[in-house]
Amino acid sequence: MTVTIVGSQLGDEGKGALVDLWGGDADVVARYQGGDNAGHTVVQDGDEYKLSLVPSGAIRDKVGVLGNGCVVNPKTLFSEIDELRERGLDPDVRVARRAHVIMPYHRVLDGIEEEAKSDSDLDAGTTGRGIGPTYEDKAGRRGIRVGDLLDPEVLRDRLEYVIPQKRALAEDVFGVDTGEAFDVDAVYEEYVEIGERLREESMTVNAGEFLGSHVDAGDDVLFEGAQGTSIDIDHGIYPYVTSSNPTAGGAATGTGVGPTVVGRGEVVGIVKAYLSRVGTGPLPTELTGDDEELADYIREKGGEFGTVTGRPRRIGWLDVPMLRHAARANGFTGLAVNHIDVLAGLDEVKVGHSYGLDGEELLTMPATTERWGRCEPNLREFEPWPEVDWSAVAAEGYDAIPENAQTYLEYLSEEVGAPIYAVGVGPDRAQTIELANPFEQ
Ligand code: IMP
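The rules behind each value
All chains use their own residue numbering, which begins from 1 and follows the written sequence. Selection of residues for local features in this predicted model requires a pLDDT of at least 70, selection of side-chain atom pairs for listing and counting requires 80 or more, and totals for whole chains, interfaces and linings are taken over all residues. Based on all heavy atoms of the structure, the side-chain values leave hydrogens and waters out of the count. Criterion used throughout: strands pair if DSSP finds at least two bridges between them. Strands are runs of DSSP state E lasting at least 2 residues, helices are runs of H or I lasting at least 4, and numbering of each runs from the N terminus. Multiplying 1.5 Å by the residue count of a helix minus one yields the expected span of that helix. Classification of residues uses two cut-offs on accessible area relative to the type maximum, computed with a 1.4 Å probe and protein chains only: under 20% is buried, over 50% is exposed, and between them is partly exposed. Contact criterion: two residues are considered in contact whenever any of their non-hydrogen atoms come within 4.5 Å of each other. Here a polar contact is taken to be a pair of N or O atoms separated by no more than 3.5 Å, where protein atoms must pair a possible hydrogen donor with a possible acceptor and residues adjacent in sequence count only if both atoms sit in side chains. In this text, buried Ala, Val, Leu, Ile, Met, Phe, Trp, Tyr and Cys residues form a nonpolar core when linked through side-chain atoms within 4.5 Å. Where each domain begins and ends follows an automated or database-derived domain assignment. Any residue with at least one heavy atom within 4 Å of a molecule or strand is counted as near it. For every accessible area listed, the method is Shrake-Rupley and the probe measures 1.4 Å; residues are considered covered only by the protein chains on display. Under the scheme applied here, ten amino acids are nonpolar (Ala, Val, Leu, Ile, Met, Phe, Trp, Tyr, Cys and Pro), four are charged (Asp, Glu, Lys and Arg), and all others, including Gly, are polar. Cavities and pockets were defined on a 1 Å grid built from protein atoms only: a cavity is a group of points that admits a 1.4 Å probe but offers it no way out, a pocket is an open group of points flanked by protein on both sides within 12 Å along at least five of seven lines, and a lining residue is one with an atom within 4 Å of any such point. Grid points are joined across faces, edges and corners, and a volume is the space filled by probe spheres set on the points. Only Phe, Tyr and Trp rings are paired, with Trp represented by its six-membered ring, and only when their centres lie within 6.5 Å; those with planes under 30 degrees apart are stacked, over 60 edge-to-face, the remainder tilted. For this document, the term salt bridge refers to a Lys or Arg side-chain nitrogen within 4 Å of an Asp or Glu carboxyl oxygen.

J.: Help me understand the sheet that holds strand 9 (residues 204-205) in this model?
T.: Strand-to-strand pairing in sheets goes through backbone hydrogen bonds, with the strands running parallel or antiparallel. Spatial ordering of the open sheet is given by 9-7-5-2-10-1-11-15-19-20, a layout of ten strands whose pairing is mixed. Either end of the sheet is taken by a strand with one partner, and the two such strands are strand 9 and strand 20 (432-434). Bridge count between strand 1 (residues 2-7) and strand 11 (residues 266-272): five bridges; the pairing is parallel. Following the sheet pairing, Gly-7 is matched in strand 11 by Ile-270.

Have a look at this one:
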């Protein structure tokens, strides 16, 4: 069967902990979108591994697949694999031949365009990894695919077509001097070599066939979503979004198995008990003004600083309309709620239960970000819960969670319409309380 893990909010919901927990029960862990804009930390036998591209299951002797919906920076991939090998591991990572390659000019253009957009406040606060420009070329049918790196002739043809355009864009439109990243010969030499390494290490696969044969053989496959529903290019707060589909439908298009395969499995929404945001754009439940001190406290306690960029994250109360939107867009069969320990010991705990907009009450997000930005949250207050020994709570299980936190969790589950499969009460692997294993549903 399959289990798809999806971020319900704006990314950084703590998906890694659940991928880590349930990936252990899977035979294959596959990513279906995004690239090295993601970041997750895996702790294995007391050692910490920070990864942005290698699927975390690959550390636990599982096959890790980067599906066709991913954009792959092979340099990041190799440096992560090399580092893991230096630390004594032997990760088995396969990359879809249909996945697109983040080229050096994509990263440069990401920075240039963000800078240009910042004059009109349209910059998305990207991670600068070249994600948007790569997906742009994919849709524009001028991208370089992983399979192209294995065929020097095709690669040369593609580069000769695309690089002069990119150079003209950088120089003539944005007025920026270009360097080696826009030089056909230099890029060709470097990427032919990358292709050789991919071939030598037998890393490339036809992802759909590869994953389909595992599914047919009755293996358990975990689809690991990166980012989150509200930064999905279609269902998120456009234009402050990433350029892929983190939502569950992406698990089918981004790997090559059918939507029925994904739909027959479980789709688990990962929720952080409050809201955090690393990019720009509106945020109706953001803690600002008089609440800034509280935001600072939650940020520090929750370690809310970007994994990839180190940027401090913006903090807000849980946005329930955002979760209702995510539940519909993904079809959640279950939820995992993280970080309830971070809210412990506060004087007040609130959630944005609905929005007020132009005299109306809205229960889900409006479709335009401009209208979303004008929404006033209708806050609902919950009795706070005390600070407790969370390791002891984790050892004892759900019933040991303070009663008021249980009330909060039950409210959330009811509003979203899905049962809770797990509750995160701390950052360690052992601090996730499992109520149900989706592979056993
Ligand atoms: P990009 O994915 O680098 O193009 O960035 C586009 C938007 O998505 C920006 O607002 C980023 O901050 C956000 N973003 C990208 N990856 C992540 C992530 O893994 N967690 C949270 N936000 C992300």
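J.: Got a minute to help me understand the pairing of strand 4 (residues 47-51) in this structure?
T.: If a strand is regular, its side chains alternate between the two faces of the sheet. Here strand 3 (residues 40-44) pairs with strand 4 via five bridges, running antiparallel. Bridge pairing in strand 4 links Val-42 to Tyr-49. In this antiparallel pair of consecutive strands, strand 3 and strand 4, the connection spans two residues, and Asp-45 shows a positive phi of 50°.

J.: Explain helix 6 (residues 184-200) to me, please; I cannot follow it from the model alone.
T.: Side chains that are three or four residues apart share a direction in an α-helix, a result of its 3.6 residues per turn. Between its first and last C-alpha atoms helix 6 spans 24 Å; for 17 residues at 1.5 Å apiece the expected length is 24 Å, and the two agree. When helix 6 is considered as a whole, its buried residues turn out to be Val-184, Val-187, Tyr-188, Tyr-191, Val-192, Ile-194, Gly-195, Arg-197 and Leu-198. Those residues of helix 6 hidden inside the fold are in contact with helix 2 (74-86), strand 8 (100-101), helix 3 (104-118), helix 5 (152-173) and strand 9. At the N-terminal end of helix 6, a side-chain oxygen is found 3.1 Å from the backbone nitrogen of Asp-185, two or three residues along, and the residue is Asp-183.

J.: I would appreciate a short explanation of the nonpolar core in the present structure.
T.: For soluble globular proteins, nonpolar side chains are generally found buried alongside one another. Counting residues in each nonpolar core, the largest one holds 60 residues, and the members touching the most others are Ile-340 and Tyr-408. No other element matches helix 14 (residues 403-416), which puts six residues into this core. Counting contributing residues, this core receives three or more from each of domain 1 (2-93 + 205-266) and domain 3 (271-440). Among all residues touching Ile-340, those that are not within four sequence positions of it are Ala-273, Trp-385, Trp-390, Ile-401, Ala-405, Leu-409, Val-423, Gly-424 and Val-425. Formed by 43 residues, the second largest nonpolar core is a distinct cluster that contains Leu-53, Ile-81, Leu-159 and Ala-170.

J.: What is the right way to look at the site of the ligand in this model?
T.: Around the ligand, 18 residues are found, and the nearest of them are Asp-12, Asn-37, Ala-124, Thr-127 and Thr-242. The separation between an oxygen atom of the ligand and a polar side-chain atom of Thr-242 is 2.6 Å. Alone, the ligand offers 470 Å² of accessible surface; in the complex the protein occludes 96% of this. Split by residue class, the shell around the ligand holds seven nonpolar, eight polar and three charged.

J.: Would you mind going over empty space enclosed by the protein with me for this structure?
T.: One simple way to see leftover space: roll a probe sized like a water molecule over the atoms. Per the stated rule, a full pass over the model turns up three cavities of 30 Å³ or more. Here the largest cavity defines a volume of roughly 50 Å³. If you go around the largest cavity, the residues you meet are Tyr-49, Lys-50, Leu-51, Glu-80, Glu-83, Leu-84 and Arg-87. Of all the secondary-structure elements, those providing two or more residues to the lining of the largest cavity are strand 4 and helix 2. For the lining of the largest cavity, the per-class residue count stands at three nonpolar, no polar and four charged. The volume enclosed by the second largest cavity comes to roughly 50 Å³. Elements supplying a minimum of two residues to the lining of the second largest cavity: helix 3, helix 4 (131-139) and helix 5.

J.: Explanation requested: the environment of Ala-344 in the structure shown.
T.: Mapping Ala-344 onto the fold places it in the loop between strand 15 (334-338) and strand 16 (349-357). On a C-alpha basis, the gap between Ala-344 and Val-388 in space is 7.9 Å, while along the polypeptide they are 44 residues apart. In this view, Ala-344 contacts Tyr-297, Lys-301, Trp-385, Pro-386, Glu-387 and Trp-390; residues no more than four positions away in its chain are not counted.

J.: What should I look at first to understand the packing of aromatic side chains in this one?
T.: Geometry of an aromatic ring pair is reported as the spacing of the ring centres plus the angle between the planes. By the definition in use, this model includes four aromatic pairs. Considering the side-chain rings of Tyr-105 and Phe-182, the 6.3 Å spacing of their centres and the 45° angle between planes classify their relative orientation as tilted. Placement of the pair is Tyr-105 in helix 3 and Phe-182 in the loop between helix 5 and helix 6, with a sequence separation of 77 residues. In terms of burial, Tyr-105 and Phe-182 fall into one category: buried. Seen from their ring centres, Phe-382 and Tyr-408 are 5.2 Å apart, and the 80° between their planes marks the pair as edge-to-face. With Phe-382 in strand 18 (residues 376-382) and Tyr-408 in helix 14, this residue pair connects regions lying 26 residues apart in the sequence. Tyr-408 sits in the buried class, given a relative accessible area of 1%. Among the aromatic side chains, those forming a connected cluster through ring pairs are Phe-382, Trp-385, Tyr-408 and Tyr-411.

J.: How should I be thinking about the pattern of salt bridges in this particular structure?
T.: Think of it this way: side chains of opposite charge can pair up when their charged atoms draw near. Tallied over the entire structure, the rule returns 24 salt bridges. Across the salt bridge formed by Lys-15 and Glu-13, the nearest N and O atoms sit 2.8 Å from each other. Here the two residues Lys-15 and Glu-13 agree in accessibility, since each one is buried. Glu-348 is the partner of Lys-350 in a salt bridge, and the nearest nitrogen-oxygen pair spans 3.5 Å. You can call Lys-350 buried: its relative accessible area is 19%.

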